[in-house]
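Below are the chains, spelled out letter by letter.
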Amino acid sequence: MTIDAYLLCLKGILVREVLRFLKQRERFLAALVRPLVWLFVFAAGFRAALGVSIIPPYETYITYEVYIVPGLIGMIQLFNGMQSSLSMVYDREMGSMRILMVTPLPRWYLLTCKLLAGAAVSILQAYTFLVIAALFGITLPAIGYVAVLPALVLSGLMLGAVGLLLSSTIRQLENFAGIMNFVIFPTFFLSSALYPLWKMQESSVVLHRICQFNPFTHAVELIRFALYGRVAPVALGITLLSLALFLALAIYGYSPAKAMMQRRAGTGGG
Amino acid sequence: MTVLRSDTPALDIAGLAFSYGGRFALQDVSFAVPPGAFTALLGPNGAGKTTLFSLITHLFTGGRGTIRIGGWDIRRESRKALAQMGVVFQQPTLDLDLTVVQNLRYFASLHAMPTRTADQRIEAELARLELWDRRDDRVRHLSGGYRRRVEVARALLHRPSLLLLDEATVGLDVPTRRRIVDQVHALARDDGIAVLWATHLIDEVRADDDVVVMHGGRVKARGRVDEVARAAGCETIGEAFARMIAADPEGEGGGERREGGKGGGGGSP
């Protein structure tokens, strides 16, 4: 196989994911409405209750709406990662995952392509959210709109890898509801998405520690700093490490020897 | 199309055994499918056909024995082996929200086909399966029969030397089933594609086909349809199939093998 072959495959998977996303208008709307409700309703209500002091990367006092923008972008990518996971469980139940798995390219590459395609969709959503926020006066430094792109790629891949890993362990679509309770909500609330970590420390040292170990916190901080044209080295390192770990586990989960399809096969067909 | 030496079976399975935990699903399965042969893999539900397909397509791995596709070992050279096969799974695998052409382009890209070549191949296969007029329809709007034919067209895009179909006509009405069976027979006859057609429906097997009868994870008989029927002391393969199942309702007995015919002589590593 040549490099062209690998690129053609990547292009095909990207095009398919984007086409699917655009044809599922409800999914597009839901992906946007969720963070916008948080931005314009939740943040408005909590603006008075939560004072955010000057912490890096901010150089002056900011409104709460500005503070939670990176967290809401993280939320978009987190939900997108879980949505991809759901769609992969569905694809596996419906069989279309098999078509991907029986193609003559390495499985790790095919899964990485799926991950890239999912990240691309989440970036489309994130930029649409930033445009709508800007239209309502929540703006960021101009450089931030460009500088955030690599951070979005990385965080999108990392959160997508979590989804990929989950999809390799979930046997049935019905089990997916548990993901909402046990993965998405704890991941989101035990992070710096809605409040700075020093605020959490004032309330609970244990929860503060958990937040510090949460890879989602670091993805959010990576985005937050990038939106101001700055690099957060610790957040970058932990996000990269988390991506490598989750992706490696997901690839193992989808290997022919380990595939849960194998465990389930006793129930199927002739 | 991948060119094979005439003496290289498109599919060669030897001594295959596989189990889920302590329960065996396949035991000592051996047979071969030569180029251009239509081989029916006949067995009741639970015979092990789908497990066998999952091993051939490398969705599963493990167990004992060897599977070679065009001479390539599926475990050691899986990518070369996979490049030679087209697969229609028992479960539908098309993306319902995409059009016929979009589904086929996606598959072509997975096989690294350049856009121009892909479009030529898509046109040729859709025309062959009389689907060209429906190319821009969303798959969601197609009937079950059309969807199956789209899957056959998709499986042929990269010119495989071996076409695997696992219960491809389940849920379809009789005329549609007959049409698909005819079209797949034509692929073997006219294009020299080796076909392995898994089914539990006896009326899909023709007198001049090769047949491998599976039950309880074992090969009960193999050879040309008329020879297998005769060897079982029956006039038709239907009777022979019913007799084999009735003789061992739970599928636990040992496999008795009958060889002969163009598809029956394989099985050597």
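Below you will find a few notes about this structure.

The rules behind each value
Residues numbered from 1 in each chain as written. Chains lettered and ligands numbered in written order. Predicted model: local features only at pLDDT ≥ 70, side-chain atom pairs only at ≥ 80, totals over all residues. Heavy atoms only, no water. Helix = DSSP H or I, 4+ residues; strand = E, 2+ residues; numbered from the N terminus. Contact = heavy atoms within 4.5 Å. Buried < 20%, exposed > 50% of the residue type's maximum accessible area, 1.4 Å probe, protein only. Areas by Shrake-Rupley, 256 points an atom, 1.4 Å probe, with all protein chains shown as cover. Patch = residues over 30% accessible without salt bridge, like charges linked within 9 Å, V, L, I, M, F, W, Y side chains within 5 Å. Salt bridge = Lys/Arg side-chain N within 4 Å of Asp/Glu carboxyl O. Pairing = 2+ DSSP bridges. Phe/Tyr/Trp six-rings, centres within 6.5 Å; stacked < 30°, edge-to-face > 60°. Lys NZ or Arg CZ within 6 Å of the ring centre and 35° of its normal. 1 Å grid on protein atoms, 1.4 Å probe; cavity = no way out; pocket = protein on both sides within 12 Å on 5 of 7 lines; lining within 4 Å. Points joined across faces, edges and corners; volume = space filled by probe spheres on them. Nonpolar A, V, L, I, M, F, W, Y, C, P; charged D, E, K, R; others polar.

Digging into the overall build of chain A
Next up, step 1: Looking only at helices and strands, chain A has twelve helices and zero strands in total.
Next up, step 2: The order of α-helices and β-strands along chain A, N terminus first, is α-α-α-α-α-α-α-α-α-α-α-α.
Next up, step 3: Sequence-distant contacts, at least 24 apart, represent 78% of the contacts inside chain A between residues at least 6 apart.

A closer look at the overall build of chain B
Next up, step 1: Within chain B one finds eight helices and ten strands.
Next up, step 2: Out of the 269 residues belonging to chain B, those deemed buried represent 57%.
Next up, step 3: Entry remark: accessible area of chain B is about 10,600 Å², with carbon and sulfur atoms responsible for 47%.

Looking at a nonpolar patch on the surface
Residue and element names in this part refer to chain A.
Next up, step 1: Taken together, Leu 29, Val 33, Val 37, Phe 40, Val 41, Val 131, Leu 135 and Phe 136 make up a surface patch of nonpolar side chains, about 790 Å² in accessible area.
Next up, step 2: Breaking the nonpolar patch down by element, the ones donating at least two residues are helix H2 (25-46) and helix H5 (107-135).
Next up, step 3: Looking at the nonpolar patch element by element, the count peaks at five residues for H2.
Next up, step 4: With respect to the secondary-structure elements, Leu 135 resides in helix H5.
Next up, step 5: The class of Leu 135 is exposed, set by a relative accessible area of 69%.

Side note on the pairing of strand S1 (residues 11-20) of chain B
All names here are of chain B.
Next up, step 1: Of all ten residues in S1, eight are buried, a share of seventy percent or more.
Next up, step 2: In this sheet, strand S2 (residues 23-33) lies alongside S1 in antiparallel orientation, the contact comprising seven bridges. Looking at the pairing, Leu 16 lines up with Val 29 of S2.
Next up, step 3: Hairpin remark: S1 followed by S2, antiparallel, with two residues in the connecting loop; positive phi at Gly 21, about 65 degrees.
Next up, step 4: Where S1 lies against strand S4 (residues 64-69), five bridges are found, and the strand directions are antiparallel. Its bridge partner lying in S4, Ile 13 is registered against Ile 67.

Thoughts on the packing of aromatic side chains
Next up, step 1: Per the stated rule, a full pass over the model turns up 14 aromatic pairs over all chains.
Next up, step 2: Taken together, a centroid distance of 6.1 Å and an interplanar angle of 55 degrees make the contact between Phe 188 of chain A and Phe 216 of chain A tilted. Of this pair, Phe 188 of chain A sits in helix H7 (residues 177-189) while Phe 216 of chain A sits in helix H10 (residues 215-226), and the two are 28 residues apart along the sequence.
Next up, step 3: Ring pairs connect the aromatic residues Trp 38, Phe 42, Phe 185, Phe 188, Phe 189 and Phe 216 of chain A, which therefore count as one cluster.
Next up, step 4: Sitting over the ring of Tyr 106 of chain B, Arg 16 of chain A keeps its end group 4.7 Å from the ring centre.
Next up, step 5: Looking at Arg 149 of chain B, its charged tip hangs above the ring of Tyr 146 of chain B, at a distance of 4.9 Å from the centre.

A word on empty space enclosed by the protein
Residue and element names in this part refer to chain A.
Next up, step 1: As enumerated under the stated definition, the model contains five cavities of 30 Å³ or more in all.
Next up, step 2: Taken as a whole, the largest cavity spans an internal volume of roughly 110 Å³.
Next up, step 3: Along its surface, the largest cavity is lined by 15 residues, and Ser 84, Met 88, Lys 114, Leu 115 and Gly 118 are the ones closest to its centre.
Next up, step 4: Residue assignment for the lining of the largest cavity shows that the elements contributing at least two residues are helix H3 (64-94), H5 and helix H6 (142-169).
Next up, step 5: Split by residue class, the lining of the largest cavity holds five nonpolar, eight polar and two charged.
Next up, step 6: Its volume calculated, the second largest cavity comes out at about 60 Å³.

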